[in-house]
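# Notes for the structure review
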Amino acid sequence: MNNRRDFLKTSLLATSALALPRLSQAAVALSGTVPGGVGARVVSTWDFGIPANQAAWTVLGKGGKPLDAVETGVLVPEADLHNHSVGRAGYPDRDGKVTLDASIMDGDGRCGAVAALEHIAHPIKVARKVMEDTPHVLLVGDGALEFALQEGFTKEDLLTPESAKAWHEWLKQAKYTPVANSENIDYHRSLQSLGMPGGKNNHDTIGMLAVDANGHLAGACTTSGMAWKLHGRVGDSPLIGAGLYVDNEVGGATSTGVGEEVIRNAGSFLVVELMRQGRSPQEACEEAVRRIVKKRPEATKDMQVGFLALRRDGECGAFAIQKGFTYAVCDAKQQDRLVASPSLYQTTYT
Ligand code: SD4
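What counts and what doesn't
Residues numbered from 1 in each chain as written. Predicted model: local features only at pLDDT ≥ 70, side-chain atom pairs only at ≥ 80, totals over all residues. Heavy atoms only, no water. Near = heavy atom within 4 Å. Polar contact = N/O pair within 3.5 Å; in protein donor to acceptor, adjacent residues only side chain to side chain. Areas by Shrake-Rupley, 256 points an atom, 1.4 Å probe, with all protein chains shown as cover. Salt bridge = Lys/Arg side-chain N within 4 Å of Asp/Glu carboxyl O. Helix = DSSP H or I, 4+ residues; strand = E, 2+ residues; numbered from the N terminus. Buried < 20%, exposed > 50% of the residue type's maximum accessible area, 1.4 Å probe, protein only. Patch = residues over 30% accessible without salt bridge, like charges linked within 9 Å, V, L, I, M, F, W, Y side chains within 5 Å. Phe/Tyr/Trp six-rings, centres within 6.5 Å; stacked < 30°, edge-to-face > 60°.

An unreviewed UniProt entry annotates the chain as N(4)-(Beta-N-acetylglucosaminyl)-L-asparaginase originating from Dyella caseinilytica.

If you want it as structure tokens, here you go:
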């Protein structure tokens, strides 16, 4: 009997000895500058992440909130008329309707999102309103539009003449094949005219993650989704845990590419949970990509999915199925760094 009591006592002591430092470490880390951290940093998907990061940095670099920084940042590609995969100039679905998806999340667990939203040029702003002005997380379709109009957003026709032309071209064959890394020559030229790095321009959704020097994070993800999708199709970007997940205790993750594969695997949540278990941001993104490919090896061999992760100490990493994924990194040292993500397959699929 005594033995059993002693064993319990010893076990409890051992448990608390293990548990206490972990708890106190977390408490210390969440309330001050992250030891060994790189300080404030913002990262985002694709080369159009560079101007987006720079806009975010105008907030974060001055000690502003990560949540305000990511919202400010992704407004840039949402407004860009040369960008046909995000915001107001996004390509439409097969019925010619531009439907937008967006989500925003703070590291404290607050989040908001809109899906299949029509006629509103800045879905990220509506997502933030959902987070702040409603008890809900996700509004879709007509309900999301009604809410946006009540909140004072302007109803616009988002189908630009250029997008309409591309849609009419597509209608000639009406073949639906998701493209791994979309090429947008106009956008590439516009980047060059701004003096941004040249090279092949591959991009789709923008996912952005920001951390301040105290390890507080936020993320935003916004897209027009797959061009020529079925009307009503929703991708990973507005789904918390799929296209975006952020937790101040660990870090954040976001994704780009074929949303269906990300949703099947709760991709961004998976990346954050892998980091929680001790994987580096790089390792966590790799494991999430491998998990996706393992589940459907044949179906995914010609698809692109990329993950980008940012830990609360500022370390970041990325991994994609196909070659061609890039991400932009911005911090006090450098505001326009573009990094080529490693990938599972080394050939570029376009
Ligand atoms: C989605 N991940 O809706 C997003 C963006 C996309 O090609 O369509 N990328 O699936």
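Looking now at the site of the ligand. In the vicinity of the ligand, the contacting residues are Asp-204, Thr-205, Thr-223, Gly-225, Met-226, Arg-233, Gly-235, Asp-236, Ser-237, Gly-257 and Gly-259. One of the side-chain nitrogen or oxygen atoms of Arg-233 is found 2.6 Å away from an oxygen atom of the ligand. Contact with the protein chains covers 96% of the free accessible surface of the ligand, which is 280 Å².

Another aspect to go through is the pattern of salt bridges. Tallied over the full model, the rule gives 20 salt bridges. Residue Arg-41 pairs with Asp-331 through a salt bridge whose shortest N-O separation is 2.8 Å. In this pair, Arg-41 is assigned in strand β1 (residues 41–45) and Asp-331 in strand β11 (residues 326–331), connecting sequence segments 290 residues apart. Asp-331 matches Arg-41 in its accessibility class, with the two residues each being buried. For Lys-172, the salt bridge identified is with Glu-169, shortest N-O distance 2.7 Å. With a gap of three residues between them, Lys-172 and Glu-169 both fall in helix α6 (residues 161–173), about one helical turn apart. With relative accessibility at 63%, the residue Lys-172 sits in the exposed group. Judged by its relative accessible area of 48%, Glu-169 is partly exposed. A single network of salt bridges, built from pairs that share partners, joins Asp-68, Glu-71, Arg-128 and Glu-132.

On the surface, Val-137, Leu-138 and Val-140 cluster together into a nonpolar patch covering about 220 Å² of accessible area. Summarising the element assignment, Val-140 is placed in strand β4 (residues 138–140). Look at Val-140 and you get partly exposed, because its relative accessible area is 47%.

Another point: the packing of aromatic side chains. The full count for this structure, using the stated rule, is four aromatic pairs. Between Trp-170 and Trp-228 the ring centres are 5.5 Å apart and the planes differ by 15 degrees, which places this aromatic pair in the stacked class. In this pair, Trp-170 is assigned in helix α6 and Trp-228 in the loop between β6 (217–223) and β7 (244–247), connecting sequence segments 58 residues apart. With respect to burial, Trp-170 and Trp-228 carry one shared label: buried. When the centroid spacing of 4.9 Å and the interplanar angle of 85 degrees are considered together, the rings of Tyr-245 and Phe-269 count as edge-to-face.

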